[in-house]
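Geometric and topological summary
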Amino acid sequence: MQNLKKARLVLQDGTVFEGTSFGYEQSVSGEVVFYTAMTGYPESLTDPSYKGQILVPTYPMIGNYGVPVETMKDGLPAFFESDRIHCTALVISDYSFAYSHWNSEKSLGQWLKDQKVPGLFGIDTRALTKKLREHGSMLGKIVFAGQDVEFYDPNKENIVAQVSTPEIREYGSGKYKVVLVDCGVKYNIIRHLLKRNVTVKRVPWNYDFTQEECDGVFLSNGPGDPAQCEETVLHIRKMLDRNIPIMGICLGNQLMARAAGAETYKLKYGHRSHNQPVMEPGKNRCYITSQNHGFAIDDKTLPDDWEPLFVNVNDGTNEGIRHKSKPFFSAQFHPEASSGPVDTEYLFDEFVKNMEKSKK
Amino acid sequence: MKEINKILLLGSGALKIGEAGEFDYSGSQALKAIREEGKYSVLINPNIATVQTSEGVADKIYFLPVTPDFVEEVIRKERPDGILLSFGGQTALNCGVELYKRGVLEKYDVAVLGTPVQSIIDTEDREIFSGKLHEIGVKTPRSIAADNMEQALKAAEELGFPLIIRAAYTLGGLGSGFCANMEELKKLAGSAFSYSPQILVEESLKGWKEIEYEVVRDQYDNCITVCNMENFDPLGIHTGESIVVAPSQTLSNSEYHKLREIAIKIIRHVGIVGECNVQYCLDPNSEDYRVIEVNARLSRSSALASKATGYPLAFVAAKLAMGYGLHEIKNSVTKVTTACFEPALDYIVCKIPRWDLNKFEGVSKLIGSSMKSVGEIMAIGRTFEEVIQKGLRMVGQGMHGFVGNNKEVKDIDEELVNPTDNRIFAIAAAFDKGYSVDKIHEMTRIDKWFLERLKNIHDLKEELAKYTTVRGVTPMMLKKAKQMGFSDFQIGRLTIKDETLSAHECMLRVRAYRKELGITPCIKQIDTLAGEYPAQTNYLYVTYNGAETDVTYERDGKSVVVLGSGAYRIGSSVEFDWCCVSAVNAIKKAGYRSVMINYNPETVSTDYDTCDRLYFDELSFERVMDIVDLEEPKGVIVSTGGQIPNNLAMRLYEQHVNILGTSALSIDRAEDRQKFSTMCDQLGIDQPRWRELTSIDDIYKFIDEVGFPLLIRPSYVLSGAAMNVVSNKEELLHFLELAAEVSKDHPVVVTEFVQQAKEVEIDAVAQEGVIKAYAISEHVEFAGVHSGDATIVFPAQKLYIETIRRIKKIARAIAKELNISGPFNMQFLAKDNDIKVIECNLRASRSFPFVSKVLKSNFVELATRIMLGEHVQELHKSVFDLDYVGVKASQFSFARLLKADPVLGVDMSSTGEVGCIGENYYEAILKSMLSVGHRIPEKNILISSGPTRSKVELLESTKILLEKGYNVFATAGTAKFLEDNGINVPVLYWPDEEREPNIMDYLKNKKIDMVVNIPKNLTKRELDNGYKIRRAAVDYNIPLLTNARLASAFIYAICKVDKKDIAIKSWDEYK
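The structure displayed is predicted, hence computed values, not measured ones.

**Here's the deal with the overall build of chain B**
Secondary structure summary: chain B contains 35 helices and 37 strands in total. The C-alpha radius of gyration of chain B comes to 29 Å, within 12% of the 31 Å expected for a compact globule of 1071 residues. Considered along the principal axes of its C-alpha atoms, chain B spans approximately 75 × 75 × 65 Å. In chain B, buried positions account for 64% of the 1071 residues. A separation threshold of at least 6 residues defines the contact pool for chain B, and within that pool the share at least 24 residues apart is 70%. Of the side-chain charges in chain B, 128 are positive and 148 negative, and the distance between the mean point of each set is 2 Å.

**Notes on the overall build of chain A**
When helices and strands are counted, chain A shows eight helices and 23 strands. For 360 residues, the compact-globule estimate of 2.2 N^0.38 gives 21 Å, and chain A sits close to it at 20 Å. Structurally, chain A occupies a C-alpha span of about 65 × 40 × 40 Å along its principal axes. Relative to its 360 residues, chain A shows a buried fraction of 66%. Across chain A, every contact between residues at least 6 apart in sequence was considered, and the portion connecting residues at least 24 apart equals 73%. Accessible surface, chain A: about 12,400 Å² in total, of which carbon and sulfur atoms supply 46%. Both charge centroids of chain A, one from 41 positive and one from 45 negative side chains, sit 2 Å from each other.

**Some points on the nonpolar core**
Ranked by internal contacts, the top residues of the largest apolar core, which has 341 residues, are Leu108 of chain A together with Phe384 and Leu454 of chain B. No other element matches the ten residues that helix 35 (residues 1044–1056) of chain B contributes to this core. If we ignore the near neighbours within four places in the chain, the residues touching Phe384 of chain B are Met61 of chain A together with Phe232, Val245, Ile348, Trp449, Phe450, Arg453 and Leu454 of chain B.

**Observations regarding the sheet that holds strand 30 (residues 822–831) of chain B**
All names here are of chain B. As summarised here, the arrangement of the seven strands in space is 31-30-27-28-29-32-33, forming an open sheet in which the pairing is antiparallel. The open sheet has two edge strands, strand 31 (834–841) and strand 33 (912–918), and neither has a second partner. In this sheet, neighbouring strand axes are inclined to one another by 25° on average, regardless of whether the strands run parallel or antiparallel. Where strand 29 (residues 792–794) and strand 32 (residues 885–891) come together, three bridges link them in antiparallel fashion. Counted as the bridge partner of Phe794 is Gly886 from strand 32. The strands that helix 29 (residues 859–867) touches are strand 27 (758–767), strand 28 (770–782) and strand 30; relative to strand 27, the one it contacts most, it runs at about 40°.

**Here we look at the state of the cysteines**
All names here are of chain B. Across all of its chains, the model carries zero disulfides over all chains by this definition. No disulfide involves Cys840; its nearest neighbouring cysteine sulfur is the one of Cys680, lying 7.7 Å away. Sulfur of Cys916: no disulfide; nearest cysteine sulfur belongs to Cys95 and is 15 Å away. Residue classification places Cys916 among the buried positions, given a relative accessible area of 0%.

**Quick look at the sheet that holds strand 37 (residues 1040–1041) of chain B**
Residues and elements named next belong to chain B. Pairing is parallel in the open sheet, where four strands are placed in the order 35-34-36-37. At either margin of the open sheet sits one strand with a lone partner, and together these are strand 35 (967–970) and strand 37. Both strand 36 (residues 1010–1013) and strand 37 contribute to a ladder of two bridges, which runs parallel. Paired with Val1011 across the two strands is Leu1040, which belongs to strand 37.

**So, the interface of chain B and chain A**
Listed by partner, the interface residues are 59 residues for chain B and 52 residues for chain A. In this assembly, chain B packs against chain A so that about 4,500 Å² is buried in total across both faces, 50% of it on carbon and sulfur atoms. When the buried area of chain B at its contact with chain A is split by residue, Asn253, Arg382 and Glu532 of chain B rank highest and sum to 16% of it. There are eight salt bridges connecting chain B and chain A. One salt bridge in this structure joins Glu548 of chain B and Lys130 of chain A, with 3.4 Å as the shortest N-O distance. Applying the counting rule to chain B against chain A returns 33 residue pairs in polar contact (both at pLDDT 80 or more). The set of elements that each furnish at least two residues to the side of chain B that touches chain A consists of strand 11 (223–231), helix 9 (253–270), helix 16 (448–465) and strand 17 (522–525) of chain B.

**A short note on helix 16 of chain B**
Residues and elements named next belong to chain B. Compared with the 26 Å implied by 1.5 Å per residue over 18 residues, the 25 Å span of helix 16 between its first and last C-alpha is a close match. Every buried residue belonging to helix 16 is among Trp449, Phe450, Leu451, Arg453, Leu454, Ile457, His458, Leu460, Lys461 and Leu464, and all of these are buried. Its side-chain oxygen 2.8 Å from the backbone nitrogen of Trp449, Asp447 forms the N-cap of helix 16.

**What to know about the pattern of salt bridges**
Two side chains with opposite charge may pair up if their charged atoms get near one another. Residues and elements named next belong to chain B. Tallied over the full model, the rule gives 105 salt bridges over all chains. With a shortest N-O distance of 3.5 Å, Lys461 and Glu462 are connected by a salt bridge. According to the relative accessible area criterion, Lys461 is buried, its value standing at 11%. Between Arg1031 and Asp1035 there is a salt bridge, with the nearest N and O atoms lying 2.9 Å from each other.

**Considerations on the pairing of strand 26 (residues 748–752) of chain B**
Both faces of the sheet carry side chains from a regular strand, because those side chains alternate between them. Residues and elements named next belong to chain B. The element strand 26 is extensively covered by neighbouring structure, given that five of its five residues are classed as buried. On strand 26, burial covers both faces: Val748, Val750 and Glu752 on one face and Val749 and Thr751 on the other are all buried. Two elements, strand 23 (residues 690–693) and strand 26, share four bridges in a ladder whose sense is antiparallel. The partner of Trp690 across the bridge, within strand 26, is Thr751. In this structure, strand 24 (residues 710–714) lies alongside strand 26, joined through five bridges in antiparallel fashion. Counted as the bridge partner of Pro714 is Val748 from strand 26.

**Details of the side chain of Asn292 of chain A**
Residues and elements named next belong to chain A. Mapped onto the secondary structure, Asn292 falls in strand 20 (residues 286–297). Taking relative accessible area as the criterion, Asn292 reaches 8% and is therefore assigned buried. Polar side-chain contacts of Asn292 include one of 2.9 Å to the side chain of Arg272. Excluding residues within four positions of it along the chain, Asn292 makes contact with Asp47, Ser49, Tyr50, Cys250, His271, Arg272 and His334.

**Describing the confidence of the model for chain B**
Looking at chain B as a whole, the pLDDT averages 93, with 97% of positions reaching at least 70. Both confidence scores are given for the complex: pTM 0.96, ipTM 0.97.

**What about the environment of Ala428 of chain B?**
Take Ala428 of chain B: it is sitting in helix 14 (residues 423–432). It is 48 Å that separates the C-alpha atoms of Ala428 of chain B and Ala766 of chain B, two residues lying 338 residues apart in sequence.

**Section: the packing of helix 22 (residues 643–654) of chain B against helix 23 (residues 664–671) of chain B**
All names here are of chain B. Where helix 22 contacts helix 23, the axes come no closer than 9 Å and their chain directions differ by 125°. Taken together, the axes of helix 22 and helix 23 are oblique relative to one another. You can see that helix 22 and helix 23 cross each other, and the crossing is left-handed. On helix 23, the residues that touch Gln643, Asn646, Asn647, Ala649, Met650 and Tyr653 of helix 22 are Ala664, Leu665, Ile667, Asp668 and Glu671. For the contact of helix 22 with helix 23, a count of residues per class yields six nonpolar, three polar and two charged.

**A short note on helix 6 (residues 126–135) of chain B**
All names here are of chain B. Among the residues of helix 6, Phe129, Ser130, Lys132 and Leu133 are the ones counted as buried. All buried residues of helix 6 project into a common sector of 155° when viewed along the axis, lining one side. Those residues of helix 6 that are exposed and aimed more than 90 degrees away from the buried face are Glu127 and Glu135. Where the residues of helix 6 are buried, they touch helix 5 (117–124), helix 9 and strand 14 (289–295). Regarding helix 6, its N-cap is Asp125, as a side-chain oxygen of that residue lies 2.9 Å from the backbone nitrogen of Glu127 further along. Of the residues trailing helix 6, Gly137 is marked for its positive phi of about 70°.

The rules behind each value
Residues numbered from 1 in each chain as written. Chains lettered and ligands numbered in written order. Predicted model: local features only at pLDDT ≥ 70, side-chain atom pairs only at ≥ 80, totals over all residues. Heavy atoms only, no water. Helix = DSSP H or I, 4+ residues; strand = E, 2+ residues; numbered from the N terminus. Rg over C-alpha atoms; globule rule 2.2 N^0.38 Å. Buried < 20%, exposed > 50% of the residue type's maximum accessible area, 1.4 Å probe, protein only. Contact = heavy atoms within 4.5 Å. Lys, Arg positive; Asp, Glu negative; His and termini not counted. Charge placed at Lys NZ, Arg CZ, Asp CG, Glu CD. Areas by Shrake-Rupley, 256 points an atom, 1.4 Å probe, with all protein chains shown as cover. Core = buried A, V, L, I, M, F, W, Y, C linked by side-chain atoms within 4.5 Å. Pairing = 2+ DSSP bridges. Axes fitted to C-alpha atoms, helices over the stretch in contact; angles between N-to-C directions. Disulfide = S-S within 2.5 Å. Buried area = accessible area lost by both parts, 1.4 Å probe. Salt bridge = Lys/Arg side-chain N within 4 Å of Asp/Glu carboxyl O. Polar contact = N/O pair within 3.5 Å; in protein donor to acceptor, adjacent residues only side chain to side chain. Expected span 1.5 Å × (residues − 1). pLDDT = per-residue confidence, 0-100. Parallel < 35°, antiparallel > 145°, perpendicular 65-115°, else oblique. Left-handed = near helix turned anticlockwise from the far one by under 90°. Nonpolar A, V, L, I, M, F, W, Y, C, P; charged D, E, K, R; others polar. Arc of directions from axis to C-beta.

Structure, rendered in structure tokens:
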């Protein structure tokens, strides 16, 4: 095996993990978060929600099926969730130097190098995860010899601004016109809308869409603390006075809640997996969902005209809200999946139905 | 819906190939769920060695055949409100469908709980099933029937190449084959039409990946997939014969979730409530897929998935059947979350099948679309290298991992292309020969990811082999080797070149060096959520791919380690699981913490809520020592898990591990043939004469002393059976030439073979050399049939009092001499009150559950209390107090083993057993024989009674058959013998006589309901003819008896006991 460089993962509390580099060789820092999904590293790495974060998959062998070819479909890369890797670094237990898949064109290590993202293997990711779990999350840095860096907390900055689109872009030519507020949108949201006869107008996170002529508004997922996006919240609040259907996902869900007047808080144990069960309150229907969030809506602060739409079966936290009379709803989990289970894709149909109804 | 208070559960009966221990596990879990609900459970299962048929698991237990007639009788008597059909494998499912079709369930108003019967029927019928799937746009393999060449060509055009041609209505794949173009198709179809008027033209999915999902659905339509699994071996090899990993390794997110979504679509459409398994094949070059199979019940795969994830599928399925929603059931691992989630794994598991094909004469070793393996193991780790190496050791066929074996592969190319049970080692050999990953992939179609990982192991082996001492190995290299699953033994063998050291010494050196360097494994938990939430789980595995141990150790000497029995194999299966579970229960009862080590996913002992701490890991010296170092237990129990732990006793003892109960030195004195023999001589105990010999001349000299027949047991076997009885010089030479090598390095043990002797066994428990409980049982067959194949009667019904007294005396003397504290078993030959000892094991034996349950006194519990140091009272239950008889009968799986000769000998070949209780000997015989697949013949019986002795044995039986109105047919010799004794029966001609009426025609046309064929001798003609009859009986599913004593007992039973008089009594009703 070739000579590989060693590097250390240093946590805020002083814990040090020794690992071996398989990506770009440069010291970096960020917030260290884990996720327990067993598939989908190309999707996760390109998910803008991971901006500023050092990603730790708990599944030990990563890189098995390489990285897919870069083909474009409908103006979007066919196999990724954005046009680049967003996380700061990747930390894993065991790296598959040799990969095998019909749709791959390069190894994970090569991709990380191309995108200048460090990657470490040989780390006890289970031990690391247990530590992160108890701290909620922690700051950390990857340090190559003689190249120390400062700790950096992405939650103190408006990182949404960094991942949002700088300009307005349009996709498709469908029947329904939807304004997509891009706080760090995963492309699969756009794909799901396009599939449903929608024209997507993707606008920057702070764009004032309140006067737009449209059939619906979509609030995307995104990274960081919702409190950093007050500008977006103000726009949404105005929009709530109108009757145009709104749907939100993840950060979009939290922004919707804040716009409605509810509060958000940081969870003790963040949800970072593909196996989160959610239920509609008062019903016996459960769905398995893909989740990646450290903040949640405080149910108790929901105004009277709003109600919980979903609740997490594991810890009882809020997983979505809806307006009691108007066509506004949002989900904390990821109905667009990619990666993850596709059980709640029907929510996109609900959104389109709402638009169809309000069109009439 | 009516209220359900009493629930009937059908078990799966004896273990057989394709239906093994996994159903004891599923059934036990379901019964636990029923009990938790406070409902009353009734269980029908004749498999007496199972955990589910133990006290306290079900409320009522019937040791009766799981057949519609018997089940109906039980329903009539018990009047259950509901019935569970999906926990007893195909046996229970088929029986349930039949009861439904006969209207029995309706008649007695028994509700089928969980998946409706119609859904089961829909998945069982291929035609209906693919129709159902097509309704929802799900793809199944495409196949078109053709009656002539023109239609075949048209079908080929429609389906596209490559294709498979199958001739309809032929046995054994005659006329089938693979074709890549029109030319090949024409040729193949032409020949196929000569075998059959119709052929099937099917798309070939050869080389596609095989993937499985375990799916669960509740009555509210909530669905989850608990686990997916990927086969290492591509399509073409039965999933039961494949190496399997979980979760899938080579699937992208999109593939994984596409198949997951389809699985959920299917379970909803079919309407299953509970669990089902969906098998796919997936194109390795696109996302195209086909659904190959859906099993609407708990299966071997679901047991594996449960163990792989920690998600108790059977328990949950039972709860769902009782009406719960997934979200209403607690996750029993985390205790804080619910069953409505999908486990996240932060490790990989690898399942490897265990084959015992060497045990069978004539069987084909190729593995393919039908199952031949008899057991399996599961290895857990954090890299594929680690689990495959662990797993190959666990399988227990003398291999030390993927590399470092003294294993010769004769024809690597042939082995790679046409796999046998040795293919994985052919891959290792191919790497040694310099084959590239690409080349091996071309030949095997195994995904390159797996092959690359295997190559990593090979490459590291090459590195290690460069060293000459272990202390020369760098710490980094050593650690890397451990992370790739190398055992200390492998490392020792590869690095230490000092030939004066034994393998064990080499291993100890590696261990010492490694511990000095601080290279020790860590212990990780299986918590179903990959660490996302805190979990108090006791389900553990050992890995070198980690830096931190999840557990904190008490080190208070209050834990007791029980070593399990490993992979089920011929000679060691569910009975030892029962022994281990009994030991664990006794340990808990005595106030100690129980620690279990075992790696067999089909067992109850590896259920994490059976013991206080479960290490799902190797039962090797190295691993047990690792765990003992961490646990610092009060001691280790080696006597309840069969031979594997028993063999470790001495080596553990040498490392100062506290072996509980009988001392390791005593175990060694019983195990070592020479030492044991000397001891018997000193105690004046008789043994058959035997000698260990190294040349043919020596063997002749020994024959002059004792005469024929002889039992001969080579230490090195080339092929065929390991042990055999020979009656003359020709047979001796024939056997030695064929099967064994005799030399200084490979001695042969030759033993005098006593004919017409009864075989008697004693199962006993002693404390400090004094017997506290014992059970004496006898075999129906004369000595010469392996005790694992024999039919055993307890209490012994036909022994002289004098024989019993002598046996007790000998057992007492041995117990005293070896100062036994714990379980032991001895086997004897008895002829005219002349008693010879043939075997002595200082551990629980195969028959412990049988005698314990018949006697209603748990011998293992008693033994465990003794081993823990409690002073116990002698058990004063006399066999004369029993007003009933127990009979243990063996289950054979010859139907699955193509071409194997279904004949019994000194080597064991049964795969399972049952034990039934009767009012008298014949009733018990009848129940147990019916439980292992025999049927009461309708009319016609064929007798070919073999040597004179068995002819005499069967004379009376033939008479009473005729008196009962049966038609008896015989082969020429048998008919002549009967005629000489005043009985005239029609003659059927031998297969090689081209005369009518011929036996083969009668068998083929099912004109015979039962075949009695007693093998005569080893002459070629006899073997050929006898073999053909026996094999045809098995292939046409006609009950076959090959032992005169057993045949006679069965014939008496069917003639003396009327079916309607068979008592339908539960275990507790026998007082």
